[in-house]
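# Notes for the structure review
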Amino acid sequence: MTSTSRRDGAFVWVWLPGSTEPVVSGRIRRVGSRYDFAYGRSYLGRAEAISLYGPELPLREGWIEPRDGLDIASSLRDAGPDSWGQRVILDRMFGVLGPEADPGDTDHLTYFMESGSNRIGALDFQSSAEHYIPRADTASLDELHTAADGLQAGHAINPVLADALVHGTSVGGARPKVLLEEGGVQIIAKLSSSSDPYPVVKAEALGFEFARRVGINTPKSRLTTSLGRDVLLIERFDRTAHGARRSMVSGLTMLGLHEMVGRYATYPDLLDVLAGTASTPMWAGACSSASCSTSPSETPTTTRVTMRRSGTAPTCN
């Protein structure tokens, strides 16, 4: 399959701190194999405007090119689906089933626009700068689990469930996962895989419990079952009880590293970055295997971290 795209640009919408409604912040454009970003004039005119991530996308006029040889600002890439979500999208768009799916067969803009709007962090991508239309479908945990199993096995998926699976996988990581809502609480459900060499999901649940017992602030989580297998339910740290969204970036973004060299990153390197930028003690953050959350300003203030993005660096995912 050759790389394909449906568009050359997209508008970036953001939830400002404490807000439950997004506003358009700027636009991504493709220039050859590179993706530039520019803030909109209306956004720059807002008194409450924030940078999407100060080190990469400072709040200023004009087009901003990706830094350090990257093809796109990593803070934008963090908002896109990772290898699992990309695989789901490829199947939905092209009928590429099971392990044959190659995430490199399409581009960032297509993944941004084909994935669901309930993505990690406080960004979303739209074709319009005037009207925000969320992309969302839902189904039960068992239904989504069945669809995920079918995808991994290379089976055709019911179109309705396929839509829900696509729109519920706009979160990072390589392992199969879906998004749920229970009583108004946003939840990431991490699924067991038939290829797991050991009870991976149960081991991660145990890691959360050990962290809590030694006083580490972690998102609420619990172990349940679906289709007779373990599922880890984790309350999303990037959402508030009032429906607002929290901005975040990954550990790789904070380190300024490309995915292909991410495997050489270390947690001591990340701690050095946090120690030099965090305005609150590092233990004030919440430990999670999902991402690294930052404050809405240009300075990170919490330490929800992972070194993993698209399966390129060492951590649980």
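Not measured: the values here are computed from a predicted model.

## A few points about the sheet that holds strand β3 (residues 34-39)
Strand pairing in a sheet is mediated by backbone hydrogen bonds. Such pairs are either parallel or antiparallel. Taken together, the four strands give an open sheet; going across it, the order is β3-β2-β1-β4, and neighbouring strands pair in antiparallel fashion. Among the strands making up the open sheet, the edge pair consists of β3 and β4 (123-126). Averaged over all neighbouring strand pairs, the angle between strand axes comes to 30 degrees, with direction disregarded. When strand β2 (residues 23-31) meets β3, the two strands line up antiparallel, connected through six bridges.

## A word on the sheet that holds strand β5 (residues 177-182)
Strands sit in the order β5-β6-β8-β7 across an open sheet of four strands; the sheet is antiparallel. Among the strands making up the open sheet, the edge pair consists of β5 and β7 (221-226). Across the sheet, the mean angle from the axis of one strand to that of its neighbour is 35 degrees, orientation sign disregarded. Two elements, strand β6 (residues 185-191) and strand β8 (residues 229-235), share five bridges in a ladder whose sense is antiparallel. For Ile-188, the partnering residue across the bridge sits in β8 and is Ile-234. Packing of helix α5 (residues 141-153) onto the sheet brings it into contact with β5, β6, β7 and β8, and relative to β5 it is tilted by some 175 degrees.

Calculation criteria
Residues numbered from 1 in each chain as written. Predicted model: local features only at pLDDT ≥ 70, side-chain atom pairs only at ≥ 80, totals over all residues. Heavy atoms only, no water. Pairing = 2+ DSSP bridges. Helix = DSSP H or I, 4+ residues; strand = E, 2+ residues; numbered from the N terminus. Axes fitted to C-alpha atoms, helices over the stretch in contact; angles between N-to-C directions. Contact = heavy atoms within 4.5 Å.

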